[in-house]
Amino acid sequence: MSEGLTMIVWFLGVLALSGFVVCGWVLYGEHRHKKNAAKRKATRVLENTL
């Protein structure tokens, strides 16, 4: 019983950890993408004004 419970708790912990990592990775990727898009836009505006 306690062994099965330990397995369940361990499994849930791993699941939560991987979910957290995936969420963080997606958010980081989106943030970086927006930053790059903003940089490209700024570069384009700069090129147009010059």
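Placed above this text is the structure.
Reference entry: report on the structure contained in this document. (Residues numbered from 1 in each chain as written. Predicted model: local features only at pLDDT ≥ 70, side-chain atom pairs only at ≥ 80, totals over all residues. Heavy atoms only, no water.)

### Description of the overall build of the chain
A count of helices and strands for the chain gives one helix and zero strands. Based on the C-alpha atoms only, the size of the chain along its principal axes is roughly 75 × 5 × 5 Å. Per-residue burial over the chain gives 0% buried out of 50 residues. Accessible surface computed for the chain: about 5,000 Å², of which carbon and sulfur atoms make up 72%. (Helix = DSSP H or I, 4+ residues; strand = E, 2+ residues; numbered from the N terminus. Buried < 20%, exposed > 50% of the residue type's maximum accessible area, 1.4 Å probe, protein only. Areas by Shrake-Rupley, 256 points an atom, 1.4 Å probe, with all protein chains shown as cover.)

### Observations regarding the environment of Glu3
When you line up the elements, Glu3 lands in helix 1 (residues 2-49). The exposed category is assigned to Glu3, whose relative accessible area is 66%. Distance from Glu3 to Ser18, taken between C-alpha atoms, is 22 Å for residues 15 residues apart in sequence.

### Some details on a nonpolar patch on the surface
Taken together, the side chains of Met7, Ile8, Trp10, Phe11, Leu12, Val14 and Leu15 make up a nonpolar region of the molecular surface, amounting to roughly 760 Å² of accessible area. Looking at the secondary structure, you find Met7 in helix 1. (Patch = residues over 30% accessible without salt bridge, like charges linked within 9 Å, V, L, I, M, F, W, Y side chains within 5 Å. Salt bridge = Lys/Arg side-chain N within 4 Å of Asp/Glu carboxyl O.)

### As for the environment of Ser18
Here Ser18 is to be found in helix 1. Separated by 21 residues in the primary sequence, Ser18 and Lys39 have C-alpha atoms spaced 31 Å apart.

### So, the packing of aromatic side chains
In this structure the tally under the stated criterion is one aromatic pair. Pairing Trp25 with Tyr28 gives two aromatic rings, centres 6.1 Å apart and planes at 35°, and the pair type is tilted. One end of the pair is Trp25 and the other is Tyr28, both in helix 1 and three residues apart, which spans about a single turn. Classification of Trp25 by relative accessible area gives exposed; the value is 60%. (Phe/Tyr/Trp six-rings, centres within 6.5 Å; stacked < 30°, edge-to-face > 60°.)

Spatial relationships are all this shows, so hold off on functional conclusions.
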